[in-house]
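# Observations on the three-dimensional arrangement
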Amino acid sequence: MTSTPSESILPVPLHDALSTRYLNYALSTITSRSLPDVRDGLKPVHRRLLYAMRQLRLASTTPPKKSARVVGDVIGQYHPHGDASIYDALVRMAQDFAQRYPLVDGQGNFGNIDGDNAAAMRYTEARLTAVAEALLEGIDDDAVDFRETYDGEGREPVVLPAAFPNLLANGSQGIAVGMATSIPPHNVGEICDALQMLIKRPAATVDDLLTVVAGPDFPTGGELVESAAAIREAYATGRGAFRVRARWEIEKQPLGMYQIVVTEIPYQVQKSRLIEKLAEIVTAKKLSTLEDVRDESAEDVRIVLVPKSRNVEADMLMEQLFRLTELESRFSLNMNVLDATNVPRVMGLKDVCRAFLDHRHEVLERRSRHRLGKIERRLEILAGYLIVFLDLDEVIRIIREEDEPKQGLMARFTLTELQADAILDMRLRSLRKLEEMEIRREFDGLSGERDDLLALLADEGKRWKSISSEIGQIRKKFGQDTELGRRRTKIGEPPSAVVVSLEPQIEREPITVFLSEKGWIRALRGHGLDPGEIKYKDGDGEGFVLQAETTDKILLFGSDGRFYTLGADKLPRGRGFGEPVRMMVDLANDADIVALLAHVPGRKLVLASTDGRGFVVPESDVVAQTRAGKQVLNLNDGAKAAVCRPVTGDTVAVVGTNRRLLCFPLSELPEMSRGKGVTLQKYHGAALSDLTVFKREEGLIWQMGGGRTRTEPEIPVTARGRTGNLPPRGFPQTNKFT
C-alpha cells in the first residue's frame, strides 16, 4: 500500500531545515568553488578547463581552437554553470598581467591592464601552455584519482599530478562562505629552491626557506617595500599583507627640468583608474607640486608625471603620490586552502611546500606502480613470443588444425591466457628472424627498467632524489634563467617612519568656525571676529565658535558618544548661513553636537556622560576616518554624552544639576580608547551638568557675566564617586564653568 503525499511529509523545525541547507551550501561553496587545492593550486573550474583542453588535444605545439569550443565542452561534460563565469576563468588564465605563469596561450583580445574586457569567446582562440602541460603530466598513468562527472557519463580528475608548484607560483584568490583565500604569486625558481631545501633538510624552518624565497613576485613587477619581520611573520602564520609600490625613474629634460616616469604599477591595479585619480589630483590642485600627468603607455607601462618646477624633490613628490593613489597598494596573504583530505585550513609557507612534496611523492609512487604493471604485462607477452619462436612450425600447425587453437597453444607450450591471445593476434610478417632479435632486445630493456622501478619503490631515498631531479627540471625550464622566470618584483627597503605631511599642499590661513544651534556650519577668514555681527537663520542662533586654521582637523563630539572629523579646508566659506553639518557627517537624528574643537596631536580629552561616568582618551584615538564617525563613549540606557574637555591640569571638577560640586585628582580617571568609564560623581535624581580640568595650585576658575572670571584658590579636593558639596559663593546659577 503506497502512502499519500500528506503521509510522506515529515514535520521539521524551520531552524533545523535552514541550518542544514545553509551548511550544505557553505560546504559546497568552500570545497567546490572558492578555495584552491594545496596540491595543484587550482579551483574546480580551472582544473576542468585544463583537463577539457587536454582532451581536445590543445597542446602548446598544436594549433589553437575557438574559446567557445572549449567553454562548450567544459559546460557539457564537467562544469554545468554559466558560460560567462567559465570564459572569465579561461581569460584570466591567459592574461600575462594577471597570471605570473599563464596556463592558457590565448590568441586574440584577452583584455589589458587598463581593465578593458576580453573579446567574446567566439572571436578568441586558446591552447595550453608548457606550464599547464607540466600540471597535467602523468595524468594517464594512474597518477591521481578520478571521479564521475555531474551527469555520471564521464570521469574527471579530483586533482592534477602537478609537476609545477602552481599554488605559490600563480597564487589564488577567492571568497567562500565565512572564509576567504588570498595568495600572491611567487617566483617558481625560488619556490623550487625551497622545495629542494626541504627535501634535503626536512627539519628546515621558515627562516631557512626565506633565505631562498625573497617574497611575492607579481606579474606586473613593482617594488616590495615590506619589512623583513612582517614578511617572516606572514609566511610563518599564513596570514599577513605585503606593501607594493610602483617602480619609477627620473628622465632629465632641458634647462635643468626633469620628469618622473612610472614603468611598473602594483598588481591588480587598473592603469586607467590610476590615471583618472592622478588627473583628478592635478585638476583639483590637491598637490601643488604636480603640474601634469600623461599616459604614454604602449605595450609597456609609461606614465609621465611632470613636477611643478625643477626645485620639487622627486622623492617627496612620489611619497605624497604613494599616499594619495594606488601607486602604492597592499596585497593580503591568507593561505587558506583545501588540504589533501579536502579540509580547509590556513597553512604557512613550510606547510604548503610540504603538502606539495607529499603529493609529488604519491604521484611518483602511483606512476611507478602503473608503469611497473604495464612492464610486467609486456614482459609476459614477450616471454610467450620467445617460447613459440623456438618452434614456429608447431604453432602454425596448431592454429591451422586445432578447433581450439588457444587451448592447444596453452597446453603445448605452457603459456598463460594473455600470452596465447597475444600469439594469436600476431601478424604473419612478425614471424621473421629479425623480429625475434627485436623482441629479445625489448625484453632485456624492459627487464632492466623493471628492476629500476622495483628498486625505486623499495627505497624512499631514491624516490626523493627522483623528485628533486624533477623539481630541478622545472626550475631549469621555468626558473630565473629564462625570460618567463626572471624575477619581476624588486625587493626594496621599507619606507622610513617619517610621515609625509600633505598639509603644506593646503594654504595655511586663520579661520573662525561657526556652528549654530540648529547645526549649520561655516568658516570665515581670520580670527578675532565679533560673534555679534554673525547672522543666523530665523529661529537659529549661536552654538559654537572656534578659532582654527585651514590645515586643522575639526573634531565634533555628538551626544551619542561618537566623534566625527572634518577637514577645516573643506568647510563652506563665505557670508552665507553655511551648510547643515548632518550633510557632512552621519549624525543620528536624535543626537546633537556637544563639543567642537580643533585636533591637537598628542593632546588628551576628558569625556563624561549625563549619568556621571567618564574617562580620559588620547585625542589621536578619536579621529574618525569616515562619515559614520567613531564610537568612543559608550552610554547606559537613558544617558547622553555631556562633556568633552581638553586635559589642561591635574584636578577634575564636576558639578551636577543638583548644584553639588566635587573635585578629585585627574589620576583617578583611567585612560581608555573606548568604553563607559568610571563613576565621577553620584547623583540622586539629578545629572551631570558640567566638568572642567584645572591646576590645583592655581585654583578653580569659572566665568562670570561680562567676560569676567573668578578664581577659588582654596577648593577642597577629595576622591571621585562621591556626592560633593555646595559650590563656593558666586558660582554661576547655570551650574556651568564656562
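Basis of the calculations
Residues numbered from 1 in each chain as written. Predicted model: local features only at pLDDT ≥ 70, side-chain atom pairs only at ≥ 80, totals over all residues. Heavy atoms only, no water. Domains from an automatic or database assignment. Helix = DSSP H or I, 4+ residues; strand = E, 2+ residues; numbered from the N terminus. Buried < 20%, exposed > 50% of the residue type's maximum accessible area, 1.4 Å probe, protein only. Pairing = 2+ DSSP bridges. Phe/Tyr/Trp six-rings, centres within 6.5 Å; stacked < 30°, edge-to-face > 60°. Lys NZ or Arg CZ within 6 Å of the ring centre and 35° of its normal. Disulfide = S-S within 2.5 Å. UniProt positions renumbered as here; feature names shortened; annotations may be inferred. Contact = heavy atoms within 4.5 Å. Salt bridge = Lys/Arg side-chain N within 4 Å of Asp/Glu carboxyl O. Core = buried A, V, L, I, M, F, W, Y, C linked by side-chain atoms within 4.5 Å. Polar contact = N/O pair within 3.5 Å; in protein donor to acceptor, adjacent residues only side chain to side chain.

Okay, the domain arrangement of the protein chain next. Along its sequence, the protein chain is carved into domain 1 (42-161), domain 2 (247-326), domain 3 (351-490) and domain 4 (510-712). Each of domain 3 and domain 4 was reduced to a C-alpha centroid, and the two centroids are 86 Å apart.

A separate point is the side chain of Thr149. With respect to the helices and strands, the residue Thr149 is situated in the loop between β4 (146-148) and β5 (155-157). For Thr149, a relative accessible area of 6% translates into the label buried.

Pairing in this open sheet of four strands is antiparallel, and the strands run β28-β25-β26-β31 from one edge to the other. In this open sheet, the two edge strands, each paired with only one partner strand, are β28 (641-646) and β31 (678-679). In this sheet, β31 lies alongside strand β26 (residues 613-618) in antiparallel orientation, the contact comprising two bridges. Bridge pairing links Gly614 to Val678 in β31.

All right, on to the sheet that holds strand β21 (residues 553-558) then. An order of β24-β21-β22-β27 is seen for the four strands of this open sheet, with the pairing classed as antiparallel. Unpaired on one side and paired on the other, β24 (593-598) and β27 (630-631) mark the two borders of the sheet. Bridge analysis of β21 against β24 gives five bridges, and the strand direction is antiparallel. Note on β24: the bridge partner recorded for Leu556 is Leu596.

Turning next to the packing of aromatic side chains. Here the structure, examined in full by the defined rule, presents eleven aromatic pairs. Measuring from centroid to centroid gives 5.5 Å for Phe731 and Phe737, while their planes differ by 75°, and the two rings are edge-to-face. Across the pair, Phe737 and Phe731 agree in class, each one buried. Counting every residue linked through ring pairs, the aromatic cluster contains Tyr51, Tyr78 and Phe146. Above the ring of Phe413, the side-chain terminus of Arg412 is found at 5.0 Å from the ring centroid. The aromatic ring of Tyr536 is capped on one face by Arg522, whose charged end is 5.1 Å from the ring centroid.

So, about the state of the cysteines. Tallied over the entire structure, the rule returns zero disulfides. Cysteine Cys663 remains unbridged, with the sulfur of Cys644 as its closest cysteine sulfur at 19 Å.

The UniProt feature table records "site: Interaction with DNA" (unreviewed entry) at Lys43, His79 and His81. Despite a sequence span of 39 residues, these residues sit close together in the fold, their greatest C-alpha distance being 14.2 Å. Within the element layout of this structure, Lys43 appears in the loop between α1 (14-34) and α2 (44-55). Residues within four places of Lys43 in sequence aside, it is in contact with Arg33, Ser34, Leu35, Pro36, Ser172, Gln173 and Gly174. Tracing the backbone shows His81 in the loop between α3 (67-77) and α4 (83-94). Apart from the residues lying within four places of it in its own chain, the contact partners of His81 are Arg33, Ile75 and Ile86.

A side chain with one charge may pair with a side chain of the opposite charge, provided their charged atoms come close. Enumeration over the complete set of coordinates arrives at 53 salt bridges. Close ionic contact of Glu326 with Arg273 constitutes a salt bridge, the shortest N to O distance being 3.3 Å. Residue Glu326 is located in the loop between α11 (314-324) and β14 (328-334), and its partner Arg273 is located in helix α10 (residues 271-283); the two are separated by 53 residues in the primary sequence. The partner of Glu619 in a salt bridge is Arg603, and the shortest N-O contact between them spans 2.6 Å. Highlighted residues: Glu619 in the loop between β26 and β27 and Arg603 in the loop between β24 and β25 (604-609), separated in sequence by 16 residues. Judged by its relative accessible area of 22%, Arg603 is partly exposed. Here the salt bridges do not stand alone but share partners, grouping Asp391, Glu394, Arg397, Glu401 and Arg412 into one network.

Before going further, it helps to examine the nonpolar core. Residues Leu49, Leu50, Phe164 and Tyr235 are the most contacted members of the largest nonpolar core, which totals 84 residues. Not counting residues up to four positions away in its chain, the partners in contact with Leu49 are Val70, Val74, Ile86, Ala89, Leu90 and Met93. Formed by 23 residues, the second largest nonpolar core is a distinct cluster that contains Ala246, Leu287, Val312 and Ala314.

For β21, a buried count of five out of six residues is recorded, marking the element as mostly surrounded by other parts of the structure. Strand direction decides the pairing type here: β21 and strand β22 (residues 562-567), joined by five bridges, are antiparallel. The partner of Lys553 across the bridge, within β22, is Gly567. Connecting β21 to the next strand, β22, in antiparallel fashion are three residues, including Gly561 with a positive phi near 85°.

As for its position among the elements, Ser559 is in the loop between β21 and β22. Judged by its relative accessible area of 8%, Ser559 falls in the buried class. In this structure Ser559 touches Asp590, Ala591, Asp592, Val594, Leu635, Lys640 and Ala641, once residues within four positions along its chain are discounted.

For Asp142, which is not glycine, the phi dihedral falls at a positive 55°. One can find Asp142 in the loop between α5 (130-136) and β4. At Ala162, a residue that is not glycine, the phi angle is positive and equals roughly 55°. Along the polypeptide, Ala162 turns up in the loop between β5 and α6 (166-170).

This next bit is on the environment of Ala134. Tracing the sequence through the fold places Ala134 in helix α5. Spatially, the C-alpha atom of Ala134 lies 9.8 Å from that of Asn166, the residues being 32 residues apart in sequence. In contact with Ala134, not counting residues within four places along its chain, are Ala162, Ala163, Phe164 and Ile474.

A few words now on the pairing of strand β18 (residues 510-516). Of all seven residues in β18, six are buried; the element is thus mostly enclosed. Relative to strand β20 (residues 542-549), β18 runs antiparallel, the two being bridged by seven bridges. Each residue of the ladder has a partner; that of Ile511, found in β20, is Ala548. Relative to strand β19 (residues 520-525), β18 runs antiparallel, the two sharing five bridges. Across the sheet, Leu515 pairs through a bridge with Ile521, a residue of β19. Hairpin geometry of β18 and β19 is characterised by an intervening segment of three residues between the two adjacent antiparallel strands and by a positive phi of about 90° at Gly519.

On to the environment of Thr129. Within the secondary structure layout, Thr129 lies in the loop between β3 (125-128) and α5. For Thr129, a relative accessible area of 13% puts it in the buried group. If we skip the residues at most four places from it in the chain, Thr129 touches Ser60, Pro102, Leu103, Val104 and Asp105. Engagement of the side chain of Thr129 in a polar contact is seen with the backbone oxygen of Pro102, the distance being 2.8 Å.

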